[in-house]
Amino acid sequence: MAKTTASDAQALIRSLRSAYASTPTNLKIIDLYVVFAVLTAIIQVAYMGIVGSFPFNSFLSGVLSCVGTAVLAVCLRIQVNKDNKEFKDLPPERAFADFVLCNLVLHLVIMNFLG
Amino acid sequence: MGAIKADPSSKAPISSSPYSFFPFLKALRLKTKQQELLLRASALCLIYVLAFAIRLFSVLRYESMIHEFDPYFNYRTTLFLTRNGALEFWNWFDSESWYPLGRIIGGTLFPGLMVTAAAIYKTLHFLRFAVHIREVCVLTAPFFASNTAIVAYFFGKEVWDSGAGLVAAALIAVCPGYISRSVAGSYDNEGVAIFALLLTFYLFVKAVNTGSLAWALASAFGYFYMVSAWGGYVFIINLLPLYALVLLVTGRYSMRLYVAYNCMYVIGMLLAMQIRFVGFQHVQSGEHMAAMGVFFLMQVFYFLDWVKYLLNDPKQFHAFLRITLTCAISVGALALGVGTASGYISPWTGRFYSLLDPTYAKDHIPIIASVSEHQPTAWSSFMFDFHILLFLFPAGLYFCFKRLSDATIFLVMYGLTSMYFAGVMVRLILVATPAVCLISAIAISATIKNLTSLVRTKSKALQSSVSKGAASLKASAKASFDQALPFQKNGAIALLFGAFYLLSRYAIHCTWVTSEAYSSPSIVLAARGAHGGRVIFDDYREAYFWLRQNTPQDAKIMSWWDYGYQITAMGNRTVIVDNNTWNNTHIATVGRAMSSYEDEAYEIMQSLDVDYVLVVFGGVTGYSSDDINKFLWMVRIGGGVFPVIKEPDYLVNGEYRVDKGAAPKMLNCLMYKLSYHRFGELTTEYGKPPGYDRARGVEIGNKDVKLEYLEEAFTTSNWIVRIYKVKPPKNRW
């Protein structure tokens, strides 16, 4: 029973890998950025677990900047992905400009909140 | 786009353009589309002016002054902001209220309204209009009401079409539910907050419809403005996740929803935490957890959706789904459980919990239960505030369901949830008003469109049957269909007249309601004199200005919390408790002092350094909102903290009386003595004995009131406000 589930899991991972390999490079770069941001957030949460959460506003601003920029990158990926029919007529330059603007606002607020 | 379907090149004998009615338009030689734009723009301009003008009744009848109680606090803080600047305002600690505790005003208010008024004031001064800040404060609410009407137009246009938008703007410009809190002089948070609410909703619906990050950012800013303006922002932060959840569950989700909700949530939450009063509530309070929960749910949901698209194989995807779901649900449940159990996630506060369980406040929090605006709504209030919109609301819901889209689903949800809350608390009719106006506008617009198209098709069918060349199947079918119902056109015209009549009755009702019910300043009372002339009672301001001019600068005034804001704003003296009601024990102390015998009360007043006591008394004028009528609430609140005060002591057989048969404790308590001092000698009405209380309609029980520790300092001309000075302790010998 365990062997079949193990081989199931292996087959799952293999098919995921092969399917993912076919995505275009620009999307892979965005995915890498998202993974980096989420990892940074996890590291910050682990650090908070060790040393405590004072000052709370700094902790929140750090974590939320990582989470926020990850989420915005995912939105950019959605808008730039050619397979999404809804965003067919959205030029990628506009998507990127929106992404930059939202990041700018996000980081300005973070800098105010950092204390 | 609009209701006019004629094309520019139409040469129909029945003219579809207004050339025949407005000959000057012919001179301008406009195309139909431009005529339509002109009509729409002029209608919107008229609606803008109308929304402003209908709110000016009290300015014309009395004078340009601030109404009620809460607006005086807002006025005082705005004055402070314009005089001392933003940094002083943000860090303001006020020692003039809640003596001896003081209040951290900078951190316990919603600054949106004050900042808005100060910005308008600075702009006007920059343009060299030297207006006083009070005028700006008085007219802020009507100005924002006009802006709300414009936003309602754009919202209606987004959800349905521009016709519905116009009707929505017209309806909300005069709807009494909104007017009640936004007349000129009602300088309160709701005047600005409803504008912010509708703006946020409009921007969010626009973001969901277009899937653009820029619109989602704009809605985050709208949400920030709402959070800075009013505590009712909790409604937005719970409605939006509920809406997202409904879309996810019904399968109507799309990538646009992901972009709109996530961008708005993260940036909106960050912006909201910049307001000191809100602080970290977005991650710690139970009321905001729904938004966070839906945020995480969305990440999981869309991640699974992406994996499903990647794998292209249902069996493998099911296995993956099972693993992910169990992990996610267990982690989520664990986090929620640990958070709630350890108390980190605070439970719903009493104010909002009483919305879900309306009986909660009456048993547990008497201060919340005592506010008249927090009572459940009666049907008459609904009819009074909405008139025909009340039965147009279900009709509009029907039309929304007929044409379901992301935007109409949002509108339906907004309407239903806000109507539920409007039923729980009278004050929240205000939040339901934009939804009701928009949905009713859809009903009106769709119905009138159908009727006018019926009125027009007959002529078109005649036309096509005459021209032999263009006899398409559709036209002939229409002609035969029309001939089956010969009175269709007449019926449609009759129904149109009926709709016109209903709308005109609505306009008349709204104007009448505004004029009669919602334009009174509450601080100045008016009545009809013996010969029909108008008599004005300006006692409140008389008393406050007496305080300002005749008491020492550091005098402390004790009164019931209703009048605290007005005393600090107009009398410029320190008060013991005011309308903020943040400290229940302090209010209970004052309540205890008012309900005790004079010697016990004197001890309490000495401990609080009280110099003057202010009571409001309506016995001479028949004014029914005086302190004797509020007295039982003082007893209840005082008794809630100090068991020494027992409510049955003041009642006789469960009845509240002030005449000869009243309870002995009632006849000798401080409030009774201060209200009826020297009243026993006064004849108030022809044919009644002296000491006849016109507000209660009885002759008072204890006419011989002797005060030992206080002396009368001032009584206004109509005896409405009475001020007593606390005597210093007697010399030892």
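Here is what the cut-offs are and how they apply
Residues numbered from 1 in each chain as written. Chains lettered and ligands numbered in written order. Predicted model: local features only at pLDDT ≥ 70, side-chain atom pairs only at ≥ 80, totals over all residues. Heavy atoms only, no water. UniProt positions renumbered as here; feature names shortened; annotations may be inferred. Helix = DSSP H or I, 4+ residues; strand = E, 2+ residues; numbered from the N terminus. Expected span 1.5 Å × (residues − 1). Buried < 20%, exposed > 50% of the residue type's maximum accessible area, 1.4 Å probe, protein only. Arc of directions from axis to C-beta. Contact = heavy atoms within 4.5 Å. Pairing = 2+ DSSP bridges. pLDDT = per-residue confidence, 0-100.

In the nomenclature of an unreviewed UniProt entry, chain B corresponds to Oligosaccharyl transferase STT3 subunit protein from the organism Dioscorea alata.

Looking at an unreviewed UniProt entry, chain A carries the name Dolichyl-diphosphooligosaccharide--protein glycosyltransferase subunit DAD1, with the source organism given as Dioscorea cayennensis subsp. rotundata. Within the UniProt record for chain A, the comment given under Pathway (unreviewed entry) is "Protein modification; protein glycosylation." Under Sequence similarities (unreviewed entry), UniProt gives the following word-for-word description of chain A: "Belongs to the DAD/OST2 family."

Draft legend 1. Representation of helix α2 (residues 32-53) of chain B in the model. Residues and elements named next belong to chain B. Its 22 residues give α2 an end-to-end C-alpha distance of 31 Å, which sits within 8% of 32 Å, the value for a rise of 1.5 Å per residue. Of all the residues in α2, the buried ones are Gln 35, Glu 36, Arg 40, Leu 44, Ile 47 and Ala 51. Down the axis of α2, the buried side of the element spans an arc of 165°, and every buried residue falls inside it. For α2, the exposed residues lying more than 90 degrees away from the buried face are Cys 45, Leu 46 and Val 49. Against α7 (133-159) and α8 (162-174) lie the buried residues of α2.

Draft legend 2. Spotlight on the pairing of strand β2 (residues 534-537) of chain B. Of the strand pairs in this sheet, strand β1 (residues 525-528) of chain B and β2(B) are connected by four bridges, and their pairing is antiparallel. The residue bridging B:Ala527 from the neighbouring strand is B:Val535, located in β2(B).

Draft legend 3. Expanded view of the sheet that holds strand β9 (residues 721-726) of chain B. Residue and element names in this part refer to chain B. Spatial strand order, β4-β3-β5-β9-β8: five strands in an open sheet with mixed pairing. A single partner strand is all that each edge strand has here, and the edge strands are β4 (574-575) and β8 (710-715). One ladder, built from two bridges, connects strand β3 (residues 556-558) with strand β5 (residues 612-616); its direction is parallel. Across the sheet, residue Ile 557 finds its bridge partner in β5, namely Tyr 612.

Draft legend 4. Broad picture of the confidence of the model for chain B. Residue and element names in this part refer to chain B. With 91% of its residues at a pLDDT of at least 70, chain B reaches an overall mean of 87. Every residue in residues 1-16 scores below 50 in pLDDT, and together they form 15 contacts with partners more than four places removed in sequence or on other chains. Confidence drops under pLDDT 50 across residues 464-473; counting only partners more than four residues distant or on other chains, this segment forms one contact. For this predicted complex, the interface score ipTM comes out at 0.94, alongside a pTM of 0.88.

Draft legend 5. Expanded view of the pairing of β8(B). Residue and element names in this part refer to chain B. Taken together, the five bridges between β8 and β9 define a ladder with antiparallel strand orientation. Directly across from Glu 712, in β9, lies its bridge partner Tyr 724. In this structure, the hairpin formed by β8 and β9 is closed by a connection of five residues, where Trp 719 is found at a positive phi of approximately 65°.

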